[in-house]
Amino acid sequence: MSFFGFGQSADIDIVLNDAETRKKAEHKGEDGKKDKYFLFYDGETVSGRLNVTLKNPGKRLEHNGVKIEFVGQIELYYDRGNHHEFVSLVKDLARPGELTQSQTFDFEFTHVEKPYETYCGQNVKLRYFLRATVGRRLNDISKELDIVVHTLSSYPELNSSIKMEVGIEDCLHIEFEYNKSKYHLKDVIVGKIYFLLVRIKIRHMEIDIIKRETTGTGPNVYHENDTIAKYEIMDGAPVRGESIPIRLFLAGYEMTPTMKDVNKKFSVRYYLNLVLIDEEERRYFKQQEITLWRKGDVVRKSMSHQAAIASQRFEGTPRVEKPSAKEEDDS
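Here the structure is a predicted model, which means the values were calculated and not measured.

Quick notes on the rules
- Residues numbered from 1 in each chain as written.
- Predicted model: local features only at pLDDT ≥ 70, side-chain atom pairs only at ≥ 80, totals over all residues.
- Heavy atoms only, no water.
- Helix = DSSP H or I, 4+ residues; strand = E, 2+ residues; numbered from the N terminus.
- Buried < 20%, exposed > 50% of the residue type's maximum accessible area, 1.4 Å probe, protein only.
- Salt bridge = Lys/Arg side-chain N within 4 Å of Asp/Glu carboxyl O.
- Pairing = 2+ DSSP bridges.
- Axes fitted to C-alpha atoms, helices over the stretch in contact; angles between N-to-C directions.
- Phe/Tyr/Trp six-rings, centres within 6.5 Å; stacked < 30°, edge-to-face > 60°.
- Lys NZ or Arg CZ within 6 Å of the ring centre and 35° of its normal.

Let's talk about unusual backbone geometry
Positive phi is not limited to glycine here, since Lys264 has a value of about 60 degrees. Mapped onto the fold, Lys264 is located in the loop between strand E20 (259-262) and strand E21 (266-278). Residue classification places Lys264 among the exposed residues on the basis of a relative accessible area of 64%. Unlike most non-glycine residues, Glu281 shows phi in positive territory, near 65 degrees.

In structure tokens:
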């Protein structure tokens, strides 16, 4: 209760203009729970209205101004309390004065720059939100509305295959090849593994997808590795000359696009980790970074076609037919 303004207070509510039609996206918070939020992209306008509803009709509400902000900020968990804002826009909706009745204020942030993807990791959080404030002499009345931002990319022009070797002199020689180095989040990793020399008894072989989150700079750098997926290639001993195909579907895993040096605060990178375990429980591994990107629905047709070309070139298919309407819908 405020001692200035005769006990008057208000409820405030932020309503987006396209709330009924705008798509929502799931996003996991710090507590691990998933919620759905309105989805936006870079350059989109954010508009709506702010409803200020007086709790005691007939009594006036004195205020020091009404405003709404659009904020993009990064919070490092080891430095809580210091919010690094990379987007900060303010709209003043009302000058200092008083409200004698409930009121609605329209707002619009035109073509807002949203350069980074919403992210919540082990040591860092990047969020976008609207914050409405009714200024008071003692305690402001405020309300926040979080949104989710996705960054879209187009099909990369250069997407070379990955070829690597794992070897122990006179004991083991393995070559493995992946069809490309850049994958969209619903892509398929296609590859082959060739056993050229096998003189140790391999018991198990798998491919892991590792997410590495790096936060901080200089001496205060923190690395967190998280195994997103484990894909068993074989269980048993391979023989010389054997080759094993790989098809790993990414759509079933929770991943973000690769993020490099976001606002000079953090990075998120992904790696394919080939792991071999012999009968004496010794582990051999080879790691290779891959780039993940988010494909937009708008350019689905052309990118689906190009992805098919890349995959079938790797398989050795002479040519690619134009995808049918059903294939496009399934991509």
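What about the pattern of salt bridges?
Scanning all chains against the criterion turns up 24 salt bridges. For Glu144, the salt bridge goes to Arg127, with nearest N and O atoms at 3.0 Å. Pair noted here: Glu144 is in strand E12 (residues 141-150) and Arg127 is in strand E11 (residues 124-134), with a separation of 17 residues, a long-range link. Looking at Glu144, the relative accessible area reads 38%, which means it is partly exposed. A salt bridge links Asp146 to Arg127; the nearest nitrogen and oxygen atoms lie 3.0 Å apart. Taken as a pair, Asp146 in strand E12 and Arg127 in strand E11 lie far apart in primary sequence, 19 residues in all.

Description of the sheet that holds strand E4 (residues 46-54)
Strands pair in a sheet through their backbones, by hydrogen bonds, and they do so in one of two ways: parallel or antiparallel. With antiparallel pairing, the three strands of this open sheet are ordered in space as E1-E4-E9. Strands with a single pairing partner mark the edges of an open sheet, and in this sheet they are strand E1 (10-16) and strand E9 (103-109). Averaged over all pairs of adjacent strands, the angle between strand axes in this sheet comes to 20 degrees, irrespective of strand direction. Pairing of E4 with E9, which is carried by seven bridges, proceeds in the antiparallel orientation. Residue pairing for E9: Arg49 is matched across the bridge by Asp106.

Overview of the packing of aromatic side chains
Within the structure shown, the criterion is met by eight aromatic pairs. Taken together, a centroid distance of 6.2 Å and an interplanar angle of 45 degrees make the contact between Phe70 and Phe109 tilted. Within this pair, whereas Phe70 is found in strand E6 (residues 66-76), its partner Phe109 is found in strand E9, the two being separated by 39 residues in sequence. Classification of Phe70 as buried rests on a relative accessible area of 0%. On the basis of relative accessible area, Phe109 is assigned to the buried category, the value being 3%. A connected cluster of aromatic rings, assembled from ring pairs, spans Phe70, Phe86, Phe107, Phe109, Tyr116 and Tyr128. In this arrangement the basic side chain of Arg22 is found over the ring face of Phe40, its NZ or CZ atom lying 3.8 Å from the centre. The ring of Phe38 carries the charged tip of Lys24 above its face, separated from the ring centre by 4.8 Å.

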